[in-house]
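Architecture at a glance
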Amino acid sequence: MIFNAETIKQVKPLGKKYTIRDESRPNLELRVYANGSRQFYYRSRTKLYTKDVKLGDTVDIALPLYDALFRTSHIPAVPTNFEAPASNQLFEENVTITTVKQRFLREYASANVGDVTLTQYINFVNELIVFLEDNRARLATTVCTPAEARKEIKAFLAQVRLVYPIKANRMASCYCKMFAWAEDNLLVTSNPATKLPRVKEKAVKRFMDDTRLQKFLRVLNNSKFDPVTVDALKLILLTGMRSGEVQKLTRDMIDFVARRIVLPAEVCKNGRAHLIALSQEATALLYKRSEELQGHQKVFPKGNGAFHQACERASLRAGYRATPHVLRKSFATLAGSLGVSTEIISRMLNHTVGGITTAHYAFYEYESEKREACSRVGNKLLKLGLSH
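Below: a short report on this structure.

Thoughts on unusual backbone geometry
Positive phi outside glycine occurs at Arg-136, with the angle close to 50°. Summarising the element assignment, Arg-136 is placed in the loop between helix 4 (115-134) and helix 5 (146-161). Residue classification places Arg-136 among the buried positions, given a relative accessible area of 6%.

Remarks on the pattern of salt bridges
Oppositely charged side chains can form a pair if their charged atoms are brought close together. The tally for this structure, following the rule as stated, stands at 18 salt bridges. As a salt-bridge pair, Glu-29 and Arg-31 come within 2.6 Å of each other at their nearest N and O atoms. You'll find Glu-29 and Arg-31 in the same group, each marked buried. Its salt-bridge partner being Arg-371, residue Glu-367 comes within 3.1 Å of it at the nearest N-O pair. Here Arg-371 and Glu-367 lie together in helix 15 (residues 367-383), a separation of four residues that amounts to about one turn. Shared partners join several salt bridges into a network, and the residues in it are Arg-21, Glu-29 and Arg-31.

Things to note about the nonpolar core
Formed by 56 residues in total, the largest nonpolar core has its most connected members in Leu-249, Ile-261, Leu-286, Phe-300 and Leu-381. Going through the elements one at a time, helix 7 (210-222), helix 8 (227-239), strand 6 (260-263), helix 10 (280-290), helix 11 (304-317), helix 12 (324-337), helix 13 (342-348) and helix 15 are the ones with two or more residues in this core. If near-sequence neighbours (up to four positions away) are discounted, Leu-249 is found in contact with Leu-235, Ile-254, Ile-261, Leu-263, Leu-286, Gln-297, Lys-298, Val-299 and Phe-300. If you look at the next biggest cluster of nonpolar residues, it comprises 39 residues, including Phe-104, Trp-181, Leu-187 and Val-188.

Focus: the sheet that holds strand 5 (residues 254-255)
Read across the open sheet, the three strands follow the order 5-6-7; overall the sheet is antiparallel. The sheet terminates laterally at strand 5 and strand 7 (274-277), the two strands that pair on one side only. Relative to strand 6, strand 5 runs antiparallel, the two being bridged by two bridges. Within the sheet, the bridge partner assigned to Asp-255 lies in strand 6 and is Arg-260.

With respect to the layout of surface pockets
Here the largest pocket defines a volume of roughly 1400 Å³. Along the wall of the largest pocket there are 41 residues; nearest its centre are Gln-120, Arg-170, Arg-242, Lys-269 and His-325. Where the lining of the largest pocket is concerned, the elements lending two or more residues are helix 4, helix 6 (165-184), helix 9 (243-248), helix 11 and helix 12. Within the lining of the largest pocket, the residues separate by chemical class into 14 nonpolar, 15 polar and twelve charged.

Some points on the sheet that holds strand 4 (residues 53-54)
Here we have four strands laid out as an open sheet, ordered 1-2-3-4, and antiparallel in their pairing. Unpaired on one side and paired on the other, strand 1 (18-21) and strand 4 mark the two borders of the sheet. Note that strand 2 (residues 28-32) and strand 3 (residues 38-42) share five bridges and pair antiparallel. Among the inter-strand pairings, Val-32 is bridged to a residue of strand 3, identified as Arg-38.

As for the pairing of strand 3
Two faces belong to every sheet, and in a regular strand the side chains alternate between them. Counting buried residues in strand 3 gives four out of five residues, a clear majority hidden from the surface. Of the strand pairs in this sheet, strand 3 and strand 4 are connected by two bridges, and their pairing is antiparallel. Paired with Tyr-42 across the two strands is Val-53, which belongs to strand 4.

A short note on helix 11
With 14 residues, helix 11 should reach 20 Å at 1.5 Å per residue; the first-to-last C-alpha distance of 21 Å fits that figure. Residues of helix 11 that are buried make contact with helix 7, helix 8, helix 9 and helix 12.

A closer look at the packing of helix 4 against helix 5
Contact geometry for helix 4 and helix 5: axes closest at 10 Å, N-to-C directions at 110°. With respect to their mutual orientation, helix 4 and helix 5 come out roughly perpendicular. Across the interface between the two elements, Glu-127, Leu-128, Phe-131 and Leu-132 of helix 4 pack against Glu-152, Ala-155, Phe-156 and Gln-159 of helix 5.

Section: the packing of aromatic side chains
One pass over the full model with this rule turns up eight aromatic pairs. An angle of 65° between the planes, with centres 6.2 Å apart, marks the rings of Phe-104 and Trp-181 as edge-to-face. Separated by 77 residues along the polypeptide, Phe-104 in helix 3 (residues 97-112) and Trp-181 in helix 6 bring together distant segments of the chain. Here Phe-104 matches Trp-181 in class, with each residue buried. With 4.7 Å between their ring centres and 55° between their planes, Tyr-364 and Tyr-366 make a pair best called tilted. Residue Tyr-364 is classed as partly exposed on the basis of its relative accessible area of 46%. Chaining the aromatic ring pairs together yields one cluster made of Phe-104, Tyr-108, Tyr-121 and Trp-181. Its guanidinium or amino end placed over the ring of Tyr-41, Arg-31 lies 3.9 Å from that ring's centre, counting from NZ or CZ.

Basis of the calculations
- Each chain has its residues counted from 1, following the order in which its sequence is written.
- Given that the model is predicted, a residue must reach a pLDDT of at least 70 before its local features are reported, and side-chain atom pairs must reach 80 or more before they are shown or counted; all residues, however, enter totals for whole chains, interfaces and linings.
- Side-chain metrics rest on all non-hydrogen atoms present in the structure, leaving aside hydrogens and water.
- Comment: elements are numbered from the N terminus, with helices defined as DSSP H or I runs of at least four residues and strands as E runs of at least two.
- Note on classification: 1.4 Å probe, protein chains only; a residue is buried when its accessible area is under 20% of the maximum for its type, exposed when over 50%, partly exposed between these limits.
- In what follows, salt bridge is the name for a side-chain nitrogen of Lys or Arg lying within 4 Å of a carboxyl oxygen of Asp or Glu.
- In this description, a nonpolar core means a group of buried Ala, Val, Leu, Ile, Met, Phe, Trp, Tyr and Cys residues linked to one another through side-chain atoms lying within 4.5 Å.
- When checking whether two residues touch, look at their non-hydrogen atoms; a contact exists if any pair is within 4.5 Å.
- In this analysis, strands are considered paired if DSSP registers two or more bridges between them.
- A pocket here means an open set of points on a 1 Å grid, computed over the protein atoms alone, that has protein on both sides within 12 Å along at least five of seven lines. A cavity is instead a set of points where a 1.4 Å probe fits but cannot get out; residues with an atom within 4 Å of a point line either one.
- Grid points are joined across faces, edges and corners, and a volume is the space filled by probe spheres set on the points.
- Note on residue classes: Ala, Val, Leu, Ile, Met, Phe, Trp, Tyr, Cys and Pro are nonpolar, Asp, Glu, Lys and Arg are charged, and everything else, Gly too, is polar.
- Between the first and last residue of a helix there are one fewer steps than residues, each counted as 1.5 Å, and that sum is the expected span.
- A fitted line through C-alpha atoms serves as each axis, taken over the contacting stretch for helices, and the angle formed by two N-to-C directions is quoted from 0 to 180°.
- Working rule for angles: under 35 degrees goes down as roughly parallel, over 145 as roughly antiparallel, 65 to 115 as roughly perpendicular, anything else as oblique.
- Pairing of aromatic rings covers Phe, Tyr and Trp, the last through its six-membered ring, and needs centres within 6.5 Å; plane angles under 30 degrees mean stacked, over 60 mean edge-to-face, and all others mean tilted.
- Lysine NZ or arginine CZ positioned within 6 Å of the ring centre and within 35 degrees of the ring normal marks a charge as sitting over the ring.

Next up, the structure:
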């Protein structure tokens with residue numbers, strides 16, 4: 001509904017409170033109460049207005065107040081009698097950016113990506129919507145062409161890129177995937193986020209060589225850090241697991257007889273289940289930590305922040321700043337130096353190994369090869385001072 005004198009006359013009480021939003025004016029809504037009274041509001045989501053702003057109970061009062069409050073730096077209001085040609089509309093009938101967001105996150109992202117990536121997607125899309133609403137952009141309404149949507153998305157990413165260039169790249173990927181999914185599911189007529197400008201990323205070669213690892217392990221062994229956190233960092237070095245995966249590891253994911261961990265898809269960043277073959281060193285460390293645990297009890301009941309803090313402090317004492325991700329890179333680099341092939345390293349890190357054959361035909365898990373590689377890394381770390 002687009003609010004005007006004629007459309008508001010058609011609004012009737014339904015015996016309970018309900019809300020109607022103006023399709024052409026972001027954040028403008030009419031709340032109709034059970035007793036028949038009504039109130040127009042601006043739903044504020046900015047630092048300037050921390051609460052919903054009352055705009056009166058008649059459309060003649062509400063619309064001028066709405067326009068007066070947000071006239072500065074905003075595009076002109078969409079005329080109430082304006083309708084873009086149907087063939088040039090981005091959204092299908094009764095669809096908004098919020099509809100696309102909710103369905104994409106619920107029907108695609110929650111089922112196909114890990115919890116960490118899902119949280120990132122939620123934040124990325126919410127930041128875009130806040131920008132669109134704050135700037136009264138057409139993409140926040142139902143009256144928007146693909147060209148206008150693309151221009152507004154590019155404007156938002158350009159703003160983000162000034163401070164966080166890599167984050168802007170991740171956002172561009174998220175929006176492209178979201179609108180591609182929406183196009184496949186007949187929510188939009190085209191994808192306005194294809195081939196958006198991106199910053200060229202350079203690989204950061206941050207890892208610890210043998211000397212740095214030896215110093216780091218010496219600090220860990222002699223430190224007063226929490227033993228659970230120390231063992232978590234050692235497990236990353238022994239297996240190449242992500243810190244988030246370690247934090248979510250539960251007793252029922254570990255099979256000590258087969259010496260393996262099976263991470264379910266919802267725990268993994270890429271949304272794919274992952275088999276980790278354990279070396280003797282990793283098995284002993286995990287057994288010590290989970291001997292009295294069962295079921296869904298966490299093996300390392302600490303927040304992810306605790307791992308990062310301990311890792312940075314220990315590494316700085318060793319003369320080199322490192323994060324848990326640097327430990328993961330160090331695991332991969334150490335495995336490569338011990339003669340492990342790039343394909344096996346990729347599989348141990350749960351990275352995508354491309355190709356139709358891998359995706360659809362060859363389902364071998366390479367468990368024995370992974371275990372052999374992890375054993376080489378474990379033996380090397382023992383020589384460098386690892387203790388468990």
